[in-house]
Amino acid sequence: MKPVTDARWSHRGHRVVQHVVLVGSLVLLAACAEDPVVPDRGALSGFEVRLVAPVEPGSPAFPLPFTTMPLEVELDIIARDRRGERMRGFDGEVRLTSVPGRIAEAERTVRLVEGRGSARVGLQYTYGDTRIWVQEQAPEGEMSSFGLGISPPLFFAEPRVRNVRFNPDNPAGLSPLFGREARIGEGILMVTNVVANGFYATDVGDALPDWSTGREPRGVGQEPWTSLFVFTFNFPDGITIGDRLCSLAGGVAEFQGQTQLTFPNYIIQGVGRVGEVPDEAFLDPADPGAPGACAYRTEVDGSLVQVLPHVLDEATLGDNTLVRAWDSALVRIEGGVLSTRFDDCDFDGSGQIEGADERACRSRCQRDLTCTEMSSLRQFDQFSASVGGIAFEVADATRAAGYDPLAGCAPHAGVEGDPDDPPGYRCGDAGRQLRSVTGSLRLVDLGGVVLRVVIPRFETDLVFAP
Ligand SMILES: [Ca+2]
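Computed from a predicted structure; not experimentally measured.

*Asks:* An account of the sheet that holds strand 4 (residues 102–103) is needed here, citing residue identities and associated values.
*Replies:* Judged by pairing direction, the sheet is antiparallel, and its four strands sit side by side in the order 1-2-6-4 without closing on themselves. Bordering the open sheet on either side are strand 1 (44–53) and strand 4, each of which pairs with just one other strand. Here strand 1 pairs with strand 2 (residues 71–81) via eight bridges, running antiparallel. Counted as the bridge partner of Ala53 is Glu74 from strand 2.

*Asks:* Which residues make up the sheet that holds strand 22 (residues 371–373), and what are the values?
*Replies:* Strand order in this open sheet of four strands is 22-21-26-25, and the pairing throughout is mixed. Across the chains shown, the open sheet's two edge strands, defined by having one partner strand only, are strand 22 and strand 25 (409–412). The sheet shows a mean angle of 25° between the axes of neighbouring strands, taken without regard to direction. Docked against the sheet, helix 4 (residues 355–367) engages strand 21 (341–343) and strand 22, running at close to 145° with respect to strand 22.

*Asks:* Describe the nonpolar core, and please don't skip the residues or the numbers.
*Replies:* Among soluble globular proteins, nonpolar side chains are generally buried collectively. Membership of the largest hydrophobic core comes to 59 residues, with the highest contact counts inside it found for Met190, Val191, Phe199, Ala201, Val331, Ile333 and Val454. Ranked by residue count, the leading element in this core is strand 11 (residues 189–195), at five residues. Both domain 2 (161–303) and domain 3 (316–323 + 330–464) contribute no fewer than three residues apiece to this core. Leaving out residues up to four positions away in the same chain, Val331 has contacts with Pro309, His310, Leu312, Trp326, Leu441 and Val454. Core analysis: the second largest hydrophobic core is formed by 20 residues, Val73, Val94, Ile103 and Ile132 among them.

*Asks:* Pulling in residues and values, what's your account of the pairing of strand 23 (residues 382–387)?
*Replies:* With five of six residues buried, strand 23 is to be regarded as a mostly interior element. Of the pairings in the sheet, the one linking strand 23 to strand 24 (residues 390–395) comprises six bridges and is antiparallel in character. Following the sheet pairing, Phe383 is matched in strand 24 by Val394.

*Asks:* Any chance you could break down helix 4 for me, citing the residues and the numbers?
*Replies:* An ideal rise of 1.5 Å per residue puts 18 Å on 13 residues; helix 4 measures up with 18 Å between its terminal C-alpha atoms. Among all positions of helix 4, only Glu358, Cys361, Arg362 and Cys365 are buried. Looking straight down helix 4, one finds that the buried residues subtend no more than 95° of arc, so they occupy a single side. Along helix 4, exposed side chains directed more than 90 degrees from the buried face belong to Ala356 and Arg367.

*Asks:* An account of the environment of Ala430 is requested, with residue identities and associated values reported.
*Replies:* Looking at the secondary structure, you find Ala430 in the loop between strand 26 (424–427) and strand 27 (434–446). Separated by 36 residues in the primary sequence, Ala430 and Pro466 place their C-alpha atoms 9.4 Å from one another.

Thresholds applied
- Residue numbers restart at each chain and count upward from 1, following the sequence in its written direction.
- Thresholds applied to this predicted model are a pLDDT of at least 70 for local features of residues and 80 or more for the giving and counting of side-chain atom pairs; totals over whole chains, interfaces and linings are not thresholded and use all residues.
- Only strands joined by at least two bridges in the DSSP assignment are considered to pair.
- Strands are runs of DSSP state E lasting at least two residues, helices are runs of H or I lasting at least four, and both sets are numbered from the N terminus onward.
- To get an axis, a line is fitted to the C-alpha atoms, and for a helix only the part in contact is used. The angle between two axes follows their N-to-C directions and goes from 0 to 180 degrees.
- We call two residues in contact whenever the C-beta atoms placed from their backbones are within 7 Å.
- The nonpolar core is taken to be a set of buried Ala, Val, Leu, Ile, Met, Phe, Trp, Tyr and Cys residues joined by way of C-beta atoms within 7 Å.
- Residue burial here comes from a neighbour count, namely the number of other C-beta atoms, placed from the backbone, that lie within 10 Å of the residue's own C-beta, with 20 or more meaning buried, 12 or fewer meaning exposed, and in between meaning partly exposed.
- Boundaries between domains were set according to an automatic or database domain assignment.
- The span one expects for a helix is its residue count, reduced by one, times 1.5 Å.
- Here the arc refers to the directions that run from the helix axis out to each C-beta atom.

Structural data, given as structure tokens:
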């Protein structure tokens, strides 16, 4: 076996793999030298791993599709001695590992009889150049001879946003690529919102017609699980709503129930940007009268594409599992009303809600759909709203939309320390009824309580009822 030095391995995730392969090869070389520590199985040189199925392992130019459902892979594994001959004296178990990718635990151990065995495994969640490692599983209490084998390469397409977001084993669960380094190598990625510590992107390519399946697309921005938050820590300079990302890679992380790409690398196409002023021609055809119906747009292969907000119905908005499909997407909530009461529960002015009285005050306010506790307004530019008895939050409205939620409200003296009547503001109903609010949906899971936060992009995303 020779160390892998494939120059096509270009991105970070693959470089990590390459290092592992090299280290593994060194270990194997060490094991090949005369080694008195493992005399009885020391004749094992390694494993030859033949790929029986799939017959077409893919190639960089024509990769196999990204595997969400397990793809059956069959291997013929032969133990070789130092002369390169089949080691008939080898009866034992080997462990299979896919790099990258996943093999179900129950399929990972294979028994070789008289130095040979067949493995049939389901391979999942792999991308790029993929190899299956075969490693000797030494019997309990015995030392491994470090016998190792590596399959020929299989080539898979890189994941698209949907593959990062949707977990087919558990739609309410973590990303199937959680903890891994991934490059979103498929799809057409468009920036839908830029916030203080990152940006939101949607794979508009997932909404284009799929000629291979004949499936009718639901429309740009209308496909669930096709949006992702990219966490840049600081404000991402030089990126604007409507930009197309030509390349996006990063670590797949989960933060407060939201799947994120962290430590990202990305390239902006730039030419797709069409300026700050939406064009009349790109009004939302479903509702051309609505201010803010214009989405920014991106040029893809000569055609202009825009992400239209997905209208979240109350059944979806109110369901913690269903709503996950729309996390990080551009959504619109129709109707609703903003807070009419603002309670200042920070009685001692410490900046924190602490102590029994302050907590009781905040709890009362959180149960009240009309109430916003003022520390969340001060800290996060975030206030409460509700529609059909379902609470949601509007964040960044002052920064992004120039909206002052305290405009038209009267100071309320209240009683400091009284959870039921704290100081704050009281606002009339006038100007608080929404026709719609549009923005990026961010779900914040606070240990079972899931906040639905809508982050507008610009002023026209808040539309008030006349
Ligand atoms: Ca306090």
